[in-house]
Each structure stands twice: as structure tokens, then as C-alpha cells.
Amino acid sequence: MLARSYKIATIILVLYTIVAGFLSPVPALAILNETIRNLYFHVPMWFGLMILMAVSAWYSVKYLRTSESIYDWKASAFAEVGLLFGTLGMLTGMVWAYFTWGDWWSADPKQNTSAIALLLYFAYFVLRGSFNEDQQKARISAVYNLFAFAALIPLLYILPRMTDSLHPGNGGNPGFGKYDLDNTMRLVFYPAVIGWTLLGVWMANLQVRIRQNTEVHD
Amino acid sequence: MIKKVLSTLLLLPVVAQAQSAQMADALRDNGKFYVVVATIVIVMAGILGYLLYLDRKAANKKR
């Protein structure tokens, strides 16, 4: 029942996001122009990454407490989709940056720290690929996953706020939230975050299910 | 006469600059609307690519 209703919610929320995201009224701001609508497509990728990585870390804790391989598969599946979201967030952010900040990559503090965060998670999969023995792989990568998640929070939410940044909301640059994100935009933005994140959960669950089927057949 | 020609010549670069600012730049048309289109295309391409990868993985395991 729950398994079905979240999929229905995903479909409704993502469709709503796309339609309302393109058509709903937005504040008319210089430089940003219509690209302010990227708030519904670029920003939820990073919110989604954060939530998916938190779920992944939660499963890593569960693995370390129980040593049941299902939790290892879940941790890796959620991190995989989280990394996909992060990569998409990075690419969409670069396109957005080119047309508003003037360059694909301005070495903005938040661009740099989020690139480091993605590299940390790419390393998680390199690490996973380097073991022959399943239990050793699960245990060491679970510990590494917790380390990566602990680094993710300062990299995305603390360090960029400590210096000036082109990103809104960082280093004395108020931007979105205070003046730009009006109540009409909130009506699309929050469903967008929930919708894209649930889509990520759905994708991760499919990955886990495929893995489960393999193990049974072996 | 000379004054007129001179002032036209002097003004020409200013007028030309004001008019030539508009370049063939589709993504900046209509208030940069197509940047949003590009964004959603990237997101959907990534998600569909992942779907293909999952599909192939599921097919491989059935054998």
C-alpha cells in the first residue's frame, strides 16, 4: 500500500513540477530572467542528493549493526542515485551559471566544495570496486560512507557560507529565500523537492530489487 | 555639410553598438527561457540514462 502510494505521489508531484515550473508566474528579476525557474529543476537535485545520501548513511549504520547484506545493497543503491542527482545538479548548475554568471565554472566556493563532495562519493564506488570479498567490502565501504556523509554537510552547507559566493544565500548575499522566493514559488518549489526526491527513492529501490533477484538466482 | 557628415561618422559607432548587441543567441531569447528547457533536458537525459542502465542490468541477470 505504502509502496504504491509513494509511486503515485511521485508521478503527480513530478508532473505538477514540470507544468507549474514552466507556467506559473515568477518574479521578474534582471540577469536571472526566466532562469529563476531552474529553482524547480536544479535546486531539488541537491536537496535530493542530501536526502538520498542521508538514507544511504542510515543504511550503512544499519549494516554495521546487523551485518545483513541487504543493508549494504540499499546503502550503495541510494548513494548511486544520490551521486546521479549530484552530477545532474552540477551539469544543470554549470549551464545556469554560464547564462547568468557568465562562465561555466567560476570556481565559486559552492561550486568547488560541491565538486569535492561528488569526488568523495565517486571514491566510495571506486573503493567498493576494489574488494573481492563481499563482507569486507560491505563493512569498509559502510565506514567510508559515514565519513563521506559527515564531510558532505560542511562541504555543502557550512564552508560556502563562510566566504563570498555567487550562489544566493551565501556569504552576505541574501538572494533566494529572502527577496526572490515568493509564496507562489514556494508552492512549486516544495512539491518539486519532494517529487524529485521520491523519484530518486523509486530508482534506488529498483536497483535494490534487481540486486535481490540476482542473489536469489545465484 | 561637413559638420553633418562628421557628426554622422562620429555617431555611427554609437548607433551601431546599440543595434548590434542582439546576436544570434537562441538560449538568451525570451528572457533566457530556453536555459530552463536545457536544464530539464539534462535532468531527464540523466534519469532516462540511469533507467537504461537498470534495464540492461535486470536483463543480464535473468539469463
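The structure we're discussing is the one just above.
The sections below set out a description of the structure shown in this document. All residue numbers refer to position in the chain's written sequence, counted from 1. To label them, take the chains in the order written and letter them from A, then take the ligands in the order written and number them from 1. Where local features are concerned, this predicted model is filtered to residues with pLDDT of at least 70; where side-chain atom pairs are given and counted, the filter is 80 or more; whole-chain, interface and lining totals use all residues. As a convention, hydrogens and water are excluded, and side-chain values are obtained from all of the structure's heavy atoms.

### A short note on the overall build of chain A
Regarding its fold elements, chain A presents six helices and zero strands. Counting from the N terminus, the helices are the DSSP runs of H or I reaching at least four residues and the strands are the DSSP runs of E reaching at least two. Reading the secondary structure of chain A in the N-to-C direction produces α-α-α-α-α-α. Burial analysis of chain A (218 residues in total) assigns 50% to the buried set. By definition in these notes, contact holds between two residues if any of their heavy atoms fall within 4.5 Å. A separation threshold of at least 6 residues defines the contact pool for chain A, and within that pool the share at least 24 residues apart is 73%. When the accessible area of chain A is evaluated, it comes to approximately 10,600 Å², of which 66% is carbon and sulfur surface. When accessible area is computed with a 1.4 Å probe and restricted to protein chains, residues below 20% of their type maximum are described as buried, those above 50% as exposed, and intermediate ones as partly exposed. Using the Shrake-Rupley algorithm and a 1.4 Å probe, accessible areas are obtained, with residue cover drawn only from the displayed protein chains.

### Overview of the packing of aromatic side chains
Each pair of aromatic rings taken from Phe, Tyr and Trp, with Trp reduced to its six-membered ring, is defined by centres within 6.5 Å and is described as stacked if the planes are under 30 degrees apart, edge-to-face if over 60, and tilted in the remaining cases. In total, this model carries 14 aromatic pairs over all chains according to the counting rule given. With a centroid separation of 5.5 Å and an interplanar angle of 85°, the aromatic rings of Phe-47 of chain A and Phe-189 of chain A are classed as edge-to-face. With a gap of 142 residues between them, Phe-47 of chain A in helix 2 (residues 43–66) and Phe-189 of chain A in helix 6 (residues 183–217) connect regions that are remote in the sequence. Here the aromatic cluster, defined as three or more aromatic residues joined through ring pairs, consists of Phe-22, Tyr-40 and Phe-41 of chain A together with Phe-33 and Tyr-34 of chain B.

### Description of the interface of chain B and chain A
Taken together, the contacts link 24 residues of chain B with 30 residues of chain A. Accessible area that two parts lose when put together, evaluated with a 1.4 Å probe and summed over both, is termed the buried area. Of all residues in chain B, the largest losses of buried area upon contact with chain A belong to Lys-32, Val-36 and Tyr-50 of chain B, amounting jointly to 23% of the total for that side. Under this definition, polar contacts are N or O atom pairs within 3.5 Å; protein pairs additionally need one hydrogen-donor-capable and one acceptor-capable atom, and for neighbouring residues in sequence, both atoms have to be side-chain atoms. Along the contact surface separating chain B from chain A lie nine residue pairs in polar contact (both at pLDDT 80 or more). Polar here means any residue outside two lists: the nonpolar Ala, Val, Leu, Ile, Met, Phe, Trp, Tyr, Cys and Pro, and the charged Asp, Glu, Lys and Arg; Gly therefore counts as polar. Here the residues of the side of chain B that touches chain A sort into 15 nonpolar, four polar and five charged.

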